Amino acid sequence: MKFFIDTANLSDIQEAYDLGVLDGVTTNPSLMAKEGISGDEKVKAHYKAICDIVDDNVSAEVIATDFDNMVKEGMELAKLDDKIVVKIPMIKEGVKAIKYFTSEGIRTNCTLIFSAGQALLAAKAGASYVSPFIGRLDDIAFDGMDLIDQIVGIYGNYGFDTEVLAASVRHTMHLIQCAEVGADVATCPLSVITGLLNHPLTDKGLAQFLADHKKANS
Ligand code: E4P
């Protein structure tokens, strides 16, 4: 399973990259706003800065909601760097835009996926990734993980190349369950990735090893 970090914060991206387990980055307009990034030129410069840190897979979301402007905006984003994946919302115009980008050989990530039907449409349009939002479904008492499982099954039935990018991953158990049901990718905050490191028996065991070593060598 690939690990993406879901942030526009450069130091978090660098820290995850330095850990050696990072396969990509997802951003969205809210995450860019959280970092205080606004205005076309600053947004583009920030995407370039993210691309300079990681090896591939930087999802950059279009703001437009009509086909012509999604294509225009997406083309500009794609030109920034080969690592850019154009992120498109799951709306009718978005499906058309995904089809267009696919025909141009430009990778897309179809975002705001909340049903298997939406995931099927995005795959048929040729999306490189679909992003079903687990946490936001859990928030309204639907099982987000069931949706991941369902989409993985459907794509498997027909051999779609579209990768299931589990999004809105809020805690380490989401990440583990994504791996169990076979999500291709999970995107989450840095704290969720580093949360995988923790186990009290590891801390206890290491403390004991170091204490025994010190005793034997004093
Ligand atoms: C996905 O690409 C989104 O940026 C993200 O995962 C949404 O997560 P949230 O529901 O925690 O905002």
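The model shown is predicted, which means the values in this text are computed figures rather than measured ones.

Thresholds applied
- Residues numbered from 1 in each chain as written.
- Predicted model: local features only at pLDDT ≥ 70, side-chain atom pairs only at ≥ 80, totals over all residues.
- Heavy atoms only, no water.
- Pairing = 2+ DSSP bridges.
- Helix = DSSP H or I, 4+ residues; strand = E, 2+ residues; numbered from the N terminus.
- Axes fitted to C-alpha atoms, helices over the stretch in contact; angles between N-to-C directions.
- Contact = heavy atoms within 4.5 Å.
- Salt bridge = Lys/Arg side-chain N within 4 Å of Asp/Glu carboxyl O.
- Buried < 20%, exposed > 50% of the residue type's maximum accessible area, 1.4 Å probe, protein only.
- Right-handed = clockwise from strand over helix to strand, strands pointing away.
- Phe/Tyr/Trp six-rings, centres within 6.5 Å; stacked < 30°, edge-to-face > 60°.
- Disulfide = S-S within 2.5 Å.
- Near = heavy atom within 4 Å.
- Polar contact = N/O pair within 3.5 Å; in protein donor to acceptor, adjacent residues only side chain to side chain.
- Areas by Shrake-Rupley, 256 points an atom, 1.4 Å probe, with all protein chains shown as cover.
- Nonpolar A, V, L, I, M, F, W, Y, C, P; charged D, E, K, R; others polar.

1. Quick notes on the sheet that holds strand β8 (residues 185-188)
Here is step 1 of the chain: As summarised here, the arrangement of the eight strands in space is β1-β2-β3-β4-β5-β6-β7-β8, forming a closed barrel in which the pairing is parallel. Direction aside, the axes of adjacent strands within the sheet are offset by 30° on average.
Here is step 2 of the chain: Here strand β5 (residues 108-113) runs beside strand β6 (residues 129-132); their pairing, made up of three bridges, is parallel. Residue pairing across strands places Asn109 opposite Tyr129, the latter belonging to β6.

2. Considerations on the environment of Ala166
Here is step 1 of the chain: Structurally, Ala166 is set in strand β7 (residues 163-166).
Here is step 2 of the chain: Note: C-alpha distance between Ala166 and Cys188 (22 residues apart in sequence) is 8.8 Å.
Here is step 3 of the chain: The residues touching Ala166, leaving out its near neighbours within four places in the chain, are Pro132, Ile134, Ile148, Cys178, Ala183, Val185, Ala186 and Thr187.

3. A closer look at the pattern of salt bridges
Here is step 1 of the chain: Per the counting criterion, the structure on display carries eight salt bridges.
Here is step 2 of the chain: With a shortest N-O distance of 2.9 Å, Asp56 and Arg107 are connected by a salt bridge. Taken together, the residues span a long stretch of sequence, with Asp56 in the loop between α3 (40-53) and β3 (58-61) and Arg107 in the loop between α5 (92-103) and β5 at a distance of 51 residues.
Here is step 3 of the chain: With a shortest N-O distance of 3.8 Å, Glu76 and Lys72 are connected by a salt bridge. Taken together, the residues span about one helical turn, with Glu76 and Lys72 both in helix α4 (residues 67-80) at a distance of four residues.
Here is step 4 of the chain: Residue classification places Glu76 among the partly exposed residues on the basis of a relative accessible area of 30%.
Here is step 5 of the chain: Residues joined in a network through salt bridges with shared partners are Lys44, Lys72 and Glu76.

4. Let's talk about the pairing of β7
Here is step 1 of the chain: Pairing of β6 with β7 involves two bridges; the strand directions are parallel. Within β7, the position partnered with Tyr129 by the bridge is Glu163.
Here is step 2 of the chain: Pairing geometry for β7 and β8, over two bridges, is parallel. Residue pairing in the sheet places Leu165 in a bridge with Val185 of β8.
Here is step 3 of the chain: Taken together, β7, helix α9 (residues 172-181) and β8 constitute a β-α-β crossover, and its handedness is right-handed.

5. Thoughts on the side chain of Thr7
Here is step 1 of the chain: With respect to the helices and strands, the residue Thr7 is situated in the loop between β1 (2-6) and α1 (10-19).
Here is step 2 of the chain: Those residues within four positions of Thr7 in sequence are excluded, and the remaining contacts are Asp12, Ile13, Val25, Thr26, Thr27 and Leu31.

6. Some remarks on the packing of aromatic side chains
Here is step 1 of the chain: Within this structure, the stated rule accounts for six aromatic pairs.
Here is step 2 of the chain: On the basis of an interplanar angle of 55° and a centroid distance of 6.3 Å, the ring pair of Tyr158 and Phe160 is categorised as tilted.
Here is step 3 of the chain: Of the residues examined, Tyr158 reaches a relative accessible area of 62% and is grouped as exposed.
Here is step 4 of the chain: Here the aromatic residues Phe67, Tyr100 and Phe101 are joined through ring pairs into a cluster of three or more.

7. Examining the state of the cysteines
Here is step 1 of the chain: Inspection of every chain in the model, using the stated rule, returns zero disulfides.
Here is step 2 of the chain: Sulfur of Cys110: no disulfide; nearest cysteine sulfur belongs to Cys178 and is 18 Å away.
Here is step 3 of the chain: Of all cysteine sulfurs, the one in Cys188 lies closest to Cys178, which takes part in no disulfide; the gap is 8.7 Å.
Here is step 4 of the chain: With relative accessibility at 0%, the residue Cys178 sits in the buried group.

8. Here we look at the site of the ligand
Here is step 1 of the chain: Close contacts around the ligand come from Asp6, Thr26, Asn28, Lys87, Phe133, Arg136, Ala167, Ser168 and Arg170, and that covers them all.
Here is step 2 of the chain: Contact distances for the ligand include 2.7 Å between an oxygen atom and a side-chain N or O atom of Asp6.
Here is step 3 of the chain: Here Asn28 contributes a side-chain N or O atom positioned 2.7 Å from an oxygen atom of the ligand.
Here is step 4 of the chain: About the coverage of the ligand: the protein hides 85% of its 340 Å² of free accessible area.
Here is step 5 of the chain: Split into classes, the residues belonging to the shell around the ligand amount to two nonpolar, three polar and four charged.

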